[in-house]
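# Topology and contacts: notes
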Amino acid sequence: MKSMETKAYSIIEEAYKEYYPVIYRYVRCRIRCKYEVEDLVQDVFMRLLDYDNMLQKSTIQSFLFTIARNLVIDYLRCYYKKQEMILCAYENFIEEIIAKDLLIIERLRLSAFPQQRRKIYSMSRFEEKTLCEISEELQLSKSTVENHLFIGRKVMRNYISMCI
């Protein structure tokens, strides 16, 4: 058993000396980062240790390229998935900032509304109350509440559209 392991290690050692530059160039053509390339090439040769019983000098070159290709594909798949997640997180972050800014703008404009319109708009918008609930609570007719809400929304829409 010892001689089999020694033979496999010597095949790997020879392959490392002979094919490292070739495998390095192969991986480097596909991946930009020098340090990532060095790690992947090292992984290629480390993976050979998993197949020590199957190693033969005649097939080692194609075996190395197969391992290298698979590692590059896995690396690129992870890399692009990570880039996609970063972009998605960035877009969500920007959307949150915009939403917070719009809310600040809305509240600033709301403070300039007449008191009754401000109260009705706030109850509808921020407390999510219906026309009936607002009219009952404020003891106003439904049409009065509806009119204040209509005007308030129109003014707010125009103001926010000017800010954007």
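The rules behind each value
Residues numbered from 1 in each chain as written. Predicted model: local features only at pLDDT ≥ 70, side-chain atom pairs only at ≥ 80, totals over all residues. Heavy atoms only, no water. Axes fitted to C-alpha atoms, helices over the stretch in contact; angles between N-to-C directions. Helix = DSSP H or I, 4+ residues; strand = E, 2+ residues; numbered from the N terminus. Parallel < 35°, antiparallel > 145°, perpendicular 65-115°, else oblique. Contact = heavy atoms within 4.5 Å. Nonpolar A, V, L, I, M, F, W, Y, C, P; charged D, E, K, R; others polar. Buried < 20%, exposed > 50% of the residue type's maximum accessible area, 1.4 Å probe, protein only. pLDDT = per-residue confidence, 0-100.

## Considerations on the packing of helix α4 (residues 115–125) against helix α6 (residues 142–163)
Axis separation between α4 and α6 bottoms out at 9 Å; the angle between their running directions is 85°. Regarding the angle of α4 to α6, the classification is roughly perpendicular. Across from Gln116, Arg117, Ile120, Tyr121 and Ser124 in α4, the residues of α6 making contact are Val145, His148, Leu149, Ile151, Gly152, Arg153 and Met156. The class makeup of the residues in the contact of α4 with α6 is six nonpolar, four polar and two charged.

## A look at unusual backbone geometry
The phi dihedral of Glu128 falls on the positive side, at around 55°, and the residue is not glycine. Within the secondary structure, Glu128 sits in the loop between α4 and α5 (131–138). Judged by its relative accessible area of 68%, Glu128 is exposed. Backbone geometry places Gln139, a non-glycine residue, at a positive phi of 55°. Tracing the chain through its elements places Gln139 in the loop between α5 and α6. For Gln139, a relative accessible area of 71% gives the class exposed.

## What about the confidence of the model for the chain?
Confidence along the chain averages 91 in pLDDT terms, with 97% of residues attaining 70 or more. When pLDDT is averaged over each helix and strand of the chain, the minimum, 84, is found for helix α1 (residues 2–28) and the maximum, 95, for α4.

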